Amino acid sequence: MRAGDTILVHAGVYKYNRYEYTNDATVNRTTPLDGTYFLTADGTPEMPIAIKAAGDGEVIFDGAGNYALFDVRAADYNYFEGITFRNAEYGILAGTQFL
């Protein structure tokens, strides 16, 4: 991703199963991942990175009880539009400078 990019998300419920994070049955699955999507790409004030609903129906990111759905602390000038966040302590974790 780079400055000025737009990511269109189509209608649906996006729910990450943090208990099933591999297709390899030999990997230990007893410790869950946190289920957070980490964004690290930077936009600019003139060319932000946009994550937007595609316009073909409701877009929902369901955190399944995790702490934060999206962590944007290492990303500048990113924004979301037309997307619903649910079932997480925080929809967007932000606010740490110089990470």
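Structure: see above.
Model, not experiment: these values are computed from the prediction.

Asks: Teacher, can you tell me more about the overall build of the protein chain here?
Replies: Helices and strands together make up the secondary structure of the protein chain, namely 0 helices and 7 strands. Taken from N to C terminus, the helices and strands of the protein chain fall in the order β-β-β-β-β-β-β. Going through the 99 residues of the protein chain one by one, you find that 26% of them count as buried. In the protein chain, of all internal contacts separated by at least 6 residues, the share reaching a separation of at least 24 is 66%.

Asks: How should the sheet that holds strand β4 (residues 49-53) be read in this particular structure?
Replies: Backbone-to-backbone hydrogen bonds pair the strands of a sheet. The strands run either parallel or antiparallel. Strand order in the open sheet formed by 3 strands is β1-β4-β6, and the pairing between neighbours is parallel. Both edges of this open sheet fall to β1 (6-9) and β6 (78-81), since each of them pairs with a single strand only. The average angle at which neighbouring strand axes cross in this sheet is 15 degrees, direction not considered.

Asks: It is not clear to me how the pattern of salt bridges should be interpreted in this structure. Could you clarify?
Replies: Opposite charge on two side chains permits them to pair, given that their charged atoms come into close proximity. Inspection of every chain in the model, using the stated rule, returns 2 salt bridges. Here Arg86 makes a salt bridge to Asp62, at a shortest N to O gap of 3.0 Å. Of this pair, Arg86 sits in strand β7 (residues 83-93) while Asp62 is found in strand β5 (residues 59-71), placing the two residues 24 residues apart along the sequence. A residue is classified by how much of its surface remains accessible, and Asp62, at 5% relative accessible area, is buried. Between Arg73 and Asp71 there is a salt bridge, with the nearest N and O atoms lying 2.8 Å from each other.

Asks: Is there a simple way to think about the side chain of Asn66 in this case?
Replies: Mapped onto the secondary structure, Asn66 falls in strand β5. The exposure class assigned to Asn66 is buried, which follows from its relative accessible area of 2%.

Asks: Mind showing me how you'd approach the nonpolar core here?
Replies: Inside soluble globular proteins, nonpolar side chains tend to come together where they are buried. Counting residues in each nonpolar core, the largest one holds 11 residues, listed as Val9, Leu39, Ile51, Val59, Phe61, Leu69, Phe70, Val72, Ala75, Phe80 and Ile83. With 4 residues, β5 is the single largest residue contributor to this core. If we skip the residues at most four places from it in the chain, Phe80 touches Leu39, Ile51, Phe70, Val72, Phe85 and Ile92.

Asks: Where do I start with the packing of aromatic side chains in this structure?
Replies: Working definition: an aromatic ring pair is given by the centre-to-centre distance plus the angle between the planes. Tallied over the full model, the rule gives 8 aromatic pairs. Aromatic pair Tyr37 and Phe61: ring centres 6.0 Å apart, planes at 75 degrees, arrangement edge-to-face. Highlighted residues: Tyr37 in strand β3 (residues 37-38) and Phe61 in strand β5, separated in sequence by 24 residues. Given the relative accessible area of 8%, Phe61 is considered buried. Note on Phe70 and Phe80: the rings are 4.8 Å apart at their centroids and 55 degrees apart in plane angle, and the pair reads as tilted. Separated by 10 residues along the polypeptide, Phe70 in strand β5 and Phe80 in strand β6 bring together distant segments of the chain. Like Phe70, the residue Phe80 is buried in the burial classification. The rings of Tyr14, Tyr37, Phe61, Phe70, Phe80 and Phe85 are connected pair by pair, giving a single aromatic cluster.

Rules and cut-offs
- Residues numbered from 1 in each chain as written.
- Predicted model: local features only at pLDDT ≥ 70, side-chain atom pairs only at ≥ 80, totals over all residues.
- Heavy atoms only, no water.
- Helix = DSSP H or I, 4+ residues; strand = E, 2+ residues; numbered from the N terminus.
- Buried < 20%, exposed > 50% of the residue type's maximum accessible area, 1.4 Å probe, protein only.
- Contact = heavy atoms within 4.5 Å.
- Pairing = 2+ DSSP bridges.
- Axes fitted to C-alpha atoms, helices over the stretch in contact; angles between N-to-C directions.
- Salt bridge = Lys/Arg side-chain N within 4 Å of Asp/Glu carboxyl O.
- Core = buried A, V, L, I, M, F, W, Y, C linked by side-chain atoms within 4.5 Å.
- Phe/Tyr/Trp six-rings, centres within 6.5 Å; stacked < 30°, edge-to-face > 60°.

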